[in-house]
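A look at the structure
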Amino acid sequence: MSSMGGSADENLETKETHVRSLSSSHGQEPYVHKVGIPPRQNLFREFQSTVKETFFADDPLRSFKDQTKSRKLILGIEAIFPILSWGRTYNLAKLRGDLIAGLTIASLCIPQDIGYAKLANLDPEYGLYSSFVPPLIYAVMGSSRDIAIGPVAVVSLLLGTLLQSEIDPIANPIDYRRLAFTATFFAGITQATLGVLRLGFLIDFLSHAAIVGFMGGAAITIALQQLKGFLGIQKFTKKTDVISVMYSVLSSAHHGWNWQTIVIGAVFLALLLFAKYIGKKNTRFFWVPAIAPLISVILSTFFVYLTGADKHGVAIVKHINSGINPSSVKEIYFTGDYLGKGFRIGIVAGMIALTEATAIGRTFASMKDYQLDGNKEMVALGAMNVVGSFTSCYVATGSFSRSAVNYMAGCETAVSNIVMSVVVFLTLEFLTPLFEYTPNAILATIIISAVINLVDYKAAILIWKIDKFDFVACMGAFFGVVFASVEIGLLIAVSISFAKILLQVTRPRTAILGKIPRTTVYRNIQQYPEATRVPGVLIIRVDSAIYFSNSNYVKERILRWLMDEEEQVKVDYQTRIQFLMVEMSPVTDIDTSGIHALEELFRSLQKRDVQLVLANPGPIVIDKLHTSNFAALLGEDKIFLTVAEAVAYCSPKLAEDP
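Keep in mind that this is a model prediction, so the values were computed, not measured.

So, how was this worked out
Residues numbered from 1 in each chain as written. Predicted model: local features only at pLDDT ≥ 70, side-chain atom pairs only at ≥ 80, totals over all residues. Heavy atoms only, no water. Buried < 20%, exposed > 50% of the residue type's maximum accessible area, 1.4 Å probe, protein only. Helix = DSSP H or I, 4+ residues; strand = E, 2+ residues; numbered from the N terminus. Contact = heavy atoms within 4.5 Å. Core = buried A, V, L, I, M, F, W, Y, C linked by side-chain atoms within 4.5 Å. UniProt positions renumbered as here; feature names shortened; annotations may be inferred. Pairing = 2+ DSSP bridges. Right-handed = clockwise from strand over helix to strand, strands pointing away. Phe/Tyr/Trp six-rings, centres within 6.5 Å; stacked < 30°, edge-to-face > 60°. Lys NZ or Arg CZ within 6 Å of the ring centre and 35° of its normal. Axes fitted to C-alpha atoms, helices over the stretch in contact; angles between N-to-C directions. Parallel < 35°, antiparallel > 145°, perpendicular 65-115°, else oblique. Left-handed = near helix turned anticlockwise from the far one by under 90°. Nonpolar A, V, L, I, M, F, W, Y, C, P; charged D, E, K, R; others polar. Salt bridge = Lys/Arg side-chain N within 4 Å of Asp/Glu carboxyl O.

Turning our eyes to something else, we now look at helix H25 (residues 619-627). Listed in full, the buried residues belonging to H25 are Val621, Ile622, Asp623 and Leu625. Taken together, the buried residues of H25 touch helix H24 (592-607), strand E7 (611-615), helix H26 (630-634) and strand E8 (639-640). Trailing H25 by a residue or two, asparagine 629 shows a phi angle of about 70°, which is positive.

On to the nonpolar core. Counting 85 residues, the largest nonpolar core has Val154, Leu159, Phe214, Ile222 and Ile352 as the members making the most contacts within it. Ile512, Leu562, Leu605 and Leu612 belong to the second-largest nonpolar core, a separate cluster that totals 38 residues.

With that settled, consider the UniProt feature "domain: STAS" (unreviewed entry) in the protein chain. Under the local residue numbering, the UniProt record ascribes the feature "domain: STAS" (unreviewed entry) to residues 527-650. Overall, residues 527-650 shows 48% helix and 15% strand. The separation of its end C-alpha atoms is 25 Å.

On to the side chain of threonine 240. Topologically, threonine 240 is positioned in the loop between helix H11 (227-231) and helix H12 (242-251). Among the residues examined, threonine 240 registers a relative accessible area of 6% and is labelled buried. With residues near it in sequence (within four places) discarded, threonine 240 still touches Leu157, Thr161, Thr221, Gln225, Val245, Val482, Ala484, Ser485 and Val486.

The buried fraction of strand E6 (residues 579-583) amounts to 5 of the 5 residues, a majority that puts the element mostly inside the structure. The alternating pattern of E6 places Phe579, Met581 and Glu583 and Leu580 and Val582 on opposite faces, both of which are buried. Here strand E5 (residues 537-542) runs beside E6; their pairing, made up of 5 bridges, is parallel. Each bridged residue has a counterpart across the sheet, and for arginine 541 the counterpart in E6 is glutamate 583. You can see the chain leave E5, run along helix H23 (residues 551-572) and come back into E6, and the turn it takes is right-handed. Inspection of the sheet shows E6 paired to E7 by 5 bridges, in the parallel sense. Looking at E7, one finds that phenylalanine 579 is bridged to glutamine 611. In this fold, E6 hands off to H24, which returns the chain to E7; that crossover is right-handed.

Below, the discussion takes up the packing of aromatic side chains. Taken as a whole, this structure holds 17 aromatic pairs when the rule is applied. Members of the aromatic cluster, joined through ring pairs, are Phe185, Phe186, Phe334, Phe343 and Phe390. Across from the ring centre of phenylalanine 285, 6.0 Å away, lies the NZ or CZ of arginine 284, which sits over that ring. In this structure, lysine 468 is placed above the aromatic ring of tryptophan 464, and the distance from its NZ or CZ to the ring centre is 4.7 Å.

To continue, consider the packing of helix H5 (residues 92-119) against helix H14 (residues 287-307). Where H5 contacts H14, the axes come no closer than 8 Å and their chain directions differ by 45°. In this view, H5 runs oblique relative to H14, as classed from their interaxial angle. Seen from above, H5 lies across H14 with left-handed handedness. Two secondary-structure elements touch here, H5 through Thr104, Ser107, Leu108 and Pro111 and H14 through Pro289, Ala290, Ile291, Pro293, Leu294 and Val297. For the contact of H5 with H14, a count of residues per class yields 8 nonpolar, 2 polar and no charged.

On to the environment of isoleucine 324. With respect to the element layout, isoleucine 324 can be found in the loop between H14 and helix H15 (337-368). Separated by 104 residues in sequence, isoleucine 324 and leucine 428 have C-alpha atoms that sit 6.0 Å apart. Setting aside residues up to four positions removed in sequence, isoleucine 324 forms contacts with Tyr129, Phe132, Phe425, Leu428 and Glu429.

What follows concerns the pattern of salt bridges. Counted under the stated rule, the structure contains 15 salt bridges. Of the charged contacts, one joins lysine 368 and aspartate 146 as a salt bridge, the two residues approaching to 2.7 Å between their closest N and O atoms. Of this pair, lysine 368 sits in helix H15 while aspartate 146 sits in the loop between helix H7 (133-141) and strand E1 (149-150); the two residues are 222 residues apart in sequence, bridging distant segments of the chain. In this structure aspartate 146 comes out as buried when scored by relative accessible area, which is 0%. Arginine 344 is paired through a salt bridge with glutamate 166; the nearest N and O atoms lie 2.6 Å apart. With arginine 344 in helix H15 and glutamate 166 in the loop between helix H8 (153-164) and helix H9 (173-196), this pair connects stretches of sequence that are 178 residues apart. For arginine 344, a relative accessible area of 41% corresponds to the partly exposed category. By relative accessible area, glutamate 166 is classed as partly exposed at 25%.

Moving on to the side chain of threonine 182. Here threonine 182 shows up in helix H9. When its relative accessible area of 0% is taken as the criterion, threonine 182 is described as buried. Beyond its immediate stretch of four places on either side in the chain, threonine 182 contacts Glu331, Ile332, Tyr333, Tyr338 and Gly342.

Given below as structure tokens:
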């Protein structure tokens, strides 16, 4: 049974073997292909090539080739401000789609922003400020057509938790707010720096599984935090872990709950969940769950105003400052003790915001089949948060719920963000007094209904089926957030992701190969049980580059395979192992430690009277083997192009052995 992935190389290998067998049948020596040594590269060019592949793998300067200086200048400006590029082809048909999408996401974002600001322990208007300026900056500099910008639940909670651990928002609201702006400034600086230095690959270290667990845990934490507003509790714990929250809820059950608040919350939560159900059932009604939060706010506010429920213990939003964002440049800490704290919090919040925005942007870009430059996105997100920190905004990023609504509403470009921003501007200027009687319970229900979708249990089940270690990372992040805190959960998520990378690097897979019947193809005997071992030859494949981190393990693992095989040979009275062949096609690179490990392996095998043979080393590997003189130590006649040729070399030697 031949492998489907065998293809051209294997066919060529088969033909070569036929040629060899024909030549040997005519009494000639079989032709053995030599492993080619790549020509020596200029050191500067080699370094240049490595840097290019590391930082400029997407070839961002491709469009600048063979262009005039004036054209290059225009392209450079368009690269920083993509709106100048797609804006030239903008028309009324696109405006219609963007107008509908913008109005729809505005109806969703206004009530969410007020609630998310409370998650960050800030006054409601700061949530609205963060949906006015940042979307305008992003629309000019961003390259995603679908992402909707504004405050999000996870980042709001993370920021609120980290800031609260430094300054009490109730006892010292001014310093708390200043630290929030400082953290936002450094979040933006972090994001922009990663983009400019093209270090976007760093956020990929946070695995998908860890993000799923972290988001799910944060969603549970956020929902539990909303029990304060949902139940009308006055005194509530500042801790975010589930045990502290549930203790706080249950201990206030007899005297702290307000039944009018619970009725309002329960009725409108049912309404919001029903609206979500309608939207999922029929995608044509996507607008129902989008406008349901705003309708709920209007109805509940009207109800409280008419009944005077606020006089019976129903907590309301009260005053929201009207007017657009005031300047906050002078409020940012550029010196003093809070500078370092703002810097640390900003980096964490910025990285999480970046991870969320990147995931959203990539998802919708793939759905609409267009390319998204991750580094440009980082610069755009960073710039909008830096400008936001100067205009009384806290960390904004792409929102899952709003971006989905934006996509479903038929947005064409980032103009939908501009439309949303204009609506928020009008709200700040003229409509904030209307929110005075809005009950806190309705904001709690809106946040609960928004974060429910962040608990992606289907993704967790799929992760369990695909990779158990990934599932451990997922659950570690989830339980870390739920039972400890958001930052502990984040730390666990990052730690487990790094642990997985280290485990894969330090403990690479190895496999014993056998010959697939009626072919010259050699494959893993565990994957292909019908594959037969070559008597007297042990063929081992190393499935990783050999570096200082794993070289000793690779050497010891190969020797263990040999010892196991020798024990089996004694039991079955088979031909003793005389050749140990290492199939090196998956070995992409080798360093000094790796070559030392091969030298030690060579000496260990010599003592056992076993010859070491190498098959198919890649260009980088064979170059280093020759440079280090290992090829000369081993003997160039022991390095083969294919496993089949190596086996053909070993077989006559075995026959000659008495």
